[in-house]
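# Analysis of the macromolecular model
Residues per chain are reported as follows:
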Amino acid sequence: MKKQAPLPTPARTSGEPKAIVGGRRNRGGAPSAGPDPVQVQASATQALVASMPYNANKGLDFGRDSARDPSVGLVAEPASDSVSASTLSEINITAKTGAPAAPGSRALDGSLAQARVDGSAQVLSTNQGVPIADNQNSLKAGLRGPALLEDFILREKLTHFDHERIPERIVHARGSAAHGFFEAYEALGDLTCAAPFAEAGKVTPVFVRFSTVAGERGSADTVRDARGFAVKFYTEQGTWDLVGNNIPVFFIQDAMKFPDLVHAVKPEPHHAMPQAASAHDTFWDFASLSPETTHMLMWVMSDRAIPRSFRMMQGFGVHTFRLVTADGSSQFVKFHWKPLLGTHSLVWDEAVKIAGADADFHRRDLWEAIESGEYPEWELGLQLFSEEQAEAFSFDVLDATKLIPEELVPVRPVGRLVLNRNPDNFFAETEQVAFCTAHVVPGIDFSNDPLLAGRHHSYVDTQITRLGGANFHELPINASLAPVSNNQRDGIHRQTVNRGRVAYEPNSLGGGCPFQAGARGFVSFPQPVDGEKLRGKPEKFADHYTQATLFYDSQTEVEQAHIVGGFRFELSKLTVPAIRERMLASLVNVSPQLAAAIADGLGMALPAAMPRALQTPEPPEFSVSAALSLTALPGDGGIRSRKVAVLAAPGVEAASLLAVRRALHAAGAVSVVIAARLGFVETADGEALEATASFENSPAVLFDAVVLPDGEAGVRALLAQAQAVDFIAQQFRHGKTLLALGASTALLDAAHVEALLPSGEADPGVVLAEAAEASEAHASFIAAIGKHRHPVREINPARR
């Protein structure tokens, strides 16, 4: 990270006190030769205070010019360091107190190194550092006697254990995180004075947390839900939290409705079901009565809500923010994170099975990728636009249920995000990290988005509850890398030991320190405000359907079918038919074809369209936006970190399987040999082939592709196993790529897999190969895996 730019030289008062040589006391307490420290401190304090007879800056606190260009705080230098000391006895040093902090410094640098502990070769101890002689038994009166109350070791251990959990987040409770860095492509001084964009190549440390929204901490990863995408930038100007989601819009327009939304989507209070799911009456009752949710519902019912991996989903800042330059000019911005691996999803049948097979699927995927050196990467892009442009849009940029089509405002790439280090401790880092939309640095500011304004309050408030008080910023993962100096004191879990007697400003006893930074500090953009005090929304906020239609019409045929399936599944779970009918009536306004397809699947007549809040919305700038489809970001076509299953049984031909594995590993994929049981499989050609997974513990949904072996005996053995045949059928049903070597075409027949589509064209995801064609088949197989999925099977379902 670059060095911090110096703050402006503080304004100084006249008559600065001269230096006075201080003395020190000897071990017996008698003064040593030289001036008495108490007198030196008193004299220097008097001189310091006298040098500031009044607050010369007070007259600068008023008026518009001062508000736009605040003055630097007054500072006077003390003649002795003892003036700013809490106690003259700080010169007496122990291993615990350490040396006095140099004036203006702090012992902590904000890094996690200050808190990282390693227990290697250490004696087990209590929290007070007392060595524990026996960690196996409680203290008793006799070997069979009662346990004794005086057993402080047992009580400390159990007490700590009983309090090892903190309240989980109300939303975004289930999360995974990693450390990394952001690297700027170019200097953006013409756009913002924010530290991460100060120069080309500048690197800023980050901590990123991904999460589901609705589920509790122990829920599954692959539920249908929005995902959080929160990035904490540790800059030399302070900490900036870009707290977003994997969907660019939200359910509601005003923070006033946030508790209602969350109460509706959480498990119903009378029986606490369902967990981590929106398919129940209370959510859809709320949604059908709140048509502003419609656009977000289209995204959540689409494949966007069931990503293949955290590494393969976009991130969005959701709200409109401001970028502000050093000279105070500003423009609006929306933030976009685009994954290098492309945007890919699960299909619903696959997602629900993964939830049962591996509830930690996304968490494990992120961890294992980083551990193996396959560091996830995203590109940060900006949508930049002026207030004049915003006024001309057919929608309101302050409405969080609206997005700006990329065809209207292109996304400008400005840097890359790389995650390259897993946390040392999940609780200390991932669970205790505290994000807040109000954590910004100079150069980043807010718009008047009413949902964003409410988030500023809500995030701080919830962290105070979760983390035990207002000092959550002192936890190592939250600690700023920039110096922290203010007059905030005390409170539960306070970590900082402040030096000195001053905890207020203005002051003279501390020489005016810490002093305000003036224009080099954070200065809010002076947006003119003129209006009545009232509760309400602008007229453009009333257009609830135009962008929902834009999203639906921008999807491919398969993606539209998945949206229909998502709505159909969710609404089929409702117990009150009137809610289902009301929701369909709302969806008629999005697309009559969409609503009709859902109604048909539910066995319902299509209701009349729900009355619109805005009868004649402004015509949209675009009726289709290609960027809204997952297919817009396919990635680079590589297969690095993809997981490929290799089926095996006694009698398979090892040579061809080993050749495929070598080709896969060379391309960066991970191959896993799966058999009926773990251990070595006896092959036809005498090679040792170790199965590290079984059909029982590693179902097909955990893999991106499958290799079927050659060898008559091995194929017969696999044909006799229903789990093996079902494995192949599921891979095919979910659009995955299959490679059938030699005799394994019999396995395709058993699983009802055909290499040709009903149209007569070859299925691009079914690769057949004989040994002589191995190298060519390997290349075709790898290229097909790089497509992620083959949705053509859904358009042209295979013959049965």
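Report follows, based on the coordinates. (Residues numbered from 1 in each chain as written. Predicted model: local features only at pLDDT ≥ 70, side-chain atom pairs only at ≥ 80, totals over all residues. Heavy atoms only, no water.)

A separate point is the overall build of the protein chain. A tally of helices and strands in the protein chain yields 21 helices and 20 strands. Referenced to the eigenvectors of the C-alpha coordinate spread, the extents of the protein chain come out at roughly 100 × 80 × 55 Å. Put simply, the protein chain has 800 residues, and 48% of those count as buried. As displayed, the protein chain has an accessible area near 37,300 Å², and 55% of this comes from carbon and sulfur atoms. The average position of the 71 basic charges and that of the 91 acidic charges among the side chains of the protein chain differ by 6 Å. (Helix = DSSP H or I, 4+ residues; strand = E, 2+ residues; numbered from the N terminus. Buried < 20%, exposed > 50% of the residue type's maximum accessible area, 1.4 Å probe, protein only. Areas by Shrake-Rupley, 256 points an atom, 1.4 Å probe, with all protein chains shown as cover. Lys, Arg positive; Asp, Glu negative; His and termini not counted. Charge placed at Lys NZ, Arg CZ, Asp CG, Glu CD.)

With that out of the way, let us pick up unusual backbone geometry. Trans peptide bonds make up the majority, and among non-glycine residues the majority have a negative phi. The step from Met273 to Pro274 runs through a cis peptide bond, and the omega angle for that step is -5°. Note that the residue after Cys513, namely Pro514, is joined by a cis bond; omega there is -5°. Relative to the elements of secondary structure, Pro514 occurs in the loop between α11 (450-466) and α12 (546-553). The backbone of Ala272 sits at a positive phi, close to 60°, despite the residue not being glycine. With respect to the element layout, Ala272 can be found in the loop between α4 (258-265) and α5 (281-289). Backbone geometry at Asp490 places phi at a positive 65°, although glycine is not the residue there. Assignment of secondary structure puts Asp490 in the loop between α11 and α12.

Bringing the packing of aromatic side chains into the picture now. The full count for this structure, using the stated rule, is 25 aromatic pairs. Between Phe182 and Phe197, the ring centres sit 5.7 Å apart and the planes meet at 80°, which makes this aromatic pair edge-to-face. Linking Phe182 in strand β3 (residues 175-184) with Phe197 in the loop between β3 and β4 (203-212), this pair joins segments that are 15 residues apart in sequence. Like Phe182, the residue Phe197 is buried in the burial classification. Feature note: the residues Phe182, Phe197, Phe210, Phe229, Phe233, Trp240, Phe310, Phe321, Phe335, Trp337 and Trp378 constitute an aromatic cluster, connected by ring pairs. For the cation-ring pair, Arg224 lies above Trp348, with the distance from its terminal atom to the ring centre recorded as 5.1 Å. In this arrangement the basic side chain of Lys232 is found over the ring face of Phe435, its NZ or CZ atom lying 4.9 Å from the centre. (Phe/Tyr/Trp six-rings, centres within 6.5 Å; stacked < 30°, edge-to-face > 60°. Lys NZ or Arg CZ within 6 Å of the ring centre and 35° of its normal.)

Let us now look at the nonpolar core. Judged by nonpolar contacts, the single largest core of 52 residues is most densely connected at Phe250, Phe251, Trp284, Met298, Phe567 and Ile598. Among the secondary structure elements, those contributing two or more residues to this core are α4, α5, α6 (294-300), α12, α13 (557-572), α14 (577-587) and α15 (592-602). Setting aside anything within four residues of it in sequence, one finds Ile598 in contact with Val564, Phe567, Arg568, Leu571, Leu584 and Leu587. Counting residues in each nonpolar core, the second largest holds 36 residues, with Leu188, Phe197, Phe210 and Phe335 among its members. (Core = buried A, V, L, I, M, F, W, Y, C linked by side-chain atoms within 4.5 Å. Contact = heavy atoms within 4.5 Å.)

Of the voids in this model, the second largest pocket is the one considered here, and its volume is about 740 Å³. Surrounding the second largest pocket, 34 residues form its lining, Val171, His172, Phe258, Ser458 and Tyr459 being those nearest its centre. Counting only elements with at least two residues in the lining of the second largest pocket, the list comes to β4, β5 (227-235), β6 (238-245), α4 and α11. Partitioned by chemical class, the residues of the lining of the second largest pocket number 17 nonpolar, 12 polar and 5 charged. (1 Å grid on protein atoms, 1.4 Å probe; cavity = no way out; pocket = protein on both sides within 12 Å on 5 of 7 lines; lining within 4 Å. Points joined across faces, edges and corners; volume = space filled by probe spheres on them. Nonpolar A, V, L, I, M, F, W, Y, C, P; charged D, E, K, R; others polar.)

The next point concerns the pairing of strand β14 (residues 670-675). With 5 of its 6 residues buried, β14 lies for the most part within the structure. Taken together, strand β13 (residues 643-647), helix α16 (residues 654-666) and β14 form a β-α-β motif whose crossover is right-handed. As paired strands, β14 and strand β17 (residues 693-694) are joined by 2 bridges and run parallel to one another. When the sheet's bridge partners are listed, Ala675 is paired in β17 with Ser694. (Right-handed = clockwise from strand over helix to strand, strands pointing away. Pairing = 2+ DSSP bridges.)

Looking now at the side chain of Ser309. Tracing the backbone through its elements, the reader meets Ser309 in the loop between α6 and β7 (315-316). By relative accessible area, which is 0% here, Ser309 ends up buried. A polar contact of 2.9 Å, which involves the side chain of Ser309, links it to the backbone nitrogen of Arg311. Polar contacts involving the side chain of Ser309 include one to the side chain of Asp365, which spans 2.5 Å. (Polar contact = N/O pair within 3.5 Å; in protein donor to acceptor, adjacent residues only side chain to side chain.)

This part covers the pairing of β3. For β3, the buried fraction is high: 9 of the 10 residues fall into the buried class. Both β3 and β4 contribute to a ladder of 9 bridges, which runs antiparallel. Looking across to β4, one finds that Gly175 is bridged to Ser211. Pairing analysis gives 6 bridges linking β3 to strand β11 (residues 412-421), with the strands arranged antiparallel. Looking across to β11, one finds that His179 is bridged to Arg421.

An order of β17-β14-β13-β18-β19-β20 is seen for the 6 strands of this open sheet, with the pairing classed as parallel. Edge strands, defined here as strands with exactly one partner in the open sheet, are β17 and β20 (766-769). Two elements, strand β18 (residues 705-708) and strand β19 (residues 737-741), share 4 bridges in a ladder whose sense is parallel. Each residue of the ladder has a partner; that of Ala705, found in β19, is Thr737.

Remark: α16 packs on helix α20 (residues 774-785), axes separated minimally by 10 Å, with the N-to-C direction vectors making an angle of 50°. Considered as vectors, α16 and α20 are oriented oblique to each other. With respect to the hand of their crossing, α16 and α20 are arranged in right-handed fashion. For the pair α16 and α20, the contacting residues are Ala659, Val660, Ala663 and Leu664 in the first and His778, Phe781, Ile782 and Ile785 in the second. Class assignment for the residues of the contact of α16 with α20 results in 7 nonpolar, 1 polar and no charged. (Axes fitted to C-alpha atoms, helices over the stretch in contact; angles between N-to-C directions. Parallel < 35°, antiparallel > 145°, perpendicular 65-115°, else oblique. Left-handed = near helix turned anticlockwise from the far one by under 90°.)

A few words now on the environment of Pro442. Mapped onto the elements, Pro442 comes out in the loop between α10 (426-431) and β12 (444-446). For Pro442, a relative accessible area of 12% translates into the label buried. In this structure the C-alpha to C-alpha distance between Pro442 and Ala326, which are 116 residues apart in sequence, comes to 8.6 Å. Those residues in contact with Pro442, other than ones at most four positions away along the chain, are Cys193, Ala194, Gln237, Arg520, Gly521 and Phe522.

All right, on to the pattern of salt bridges then. As a working rule, side chains carrying opposite charge can pair if their charged atoms are close by. Counted by the stated rule, this structure contains 32 salt bridges. Where Arg640 meets Glu374, a salt bridge forms, and the shortest distance between an N and an O atom there is 2.6 Å. Remark: Glu374 occurs in the loop between α8 (361-371) and β10 (377-385) and Arg640 occurs in the loop between α15 and β13; sequence separation between them is 266 residues. We classify Arg640 as partly exposed; its relative accessible area is 44%. A single network of salt bridges, built from pairs that share partners, joins Arg174, Asp221, Asp358, Asp360 and Arg364. (Salt bridge = Lys/Arg side-chain N within 4 Å of Asp/Glu carboxyl O.)

Across the interface, α14 lies against α15 with an axial gap of 9 Å and an inter-helix angle of 155°. Compared by their axis directions, α14 and α15 come out roughly antiparallel. Once α14 is placed against α15, the crossing between them reads as left-handed. Residues Arg580, Leu584 and Leu587 of α14 pack against Ala595, Ile598, Ala599 and Leu602 of α15. Broken down by class, the residue content of the contact of α14 with α15 amounts to 6 nonpolar, no polar and 1 charged.

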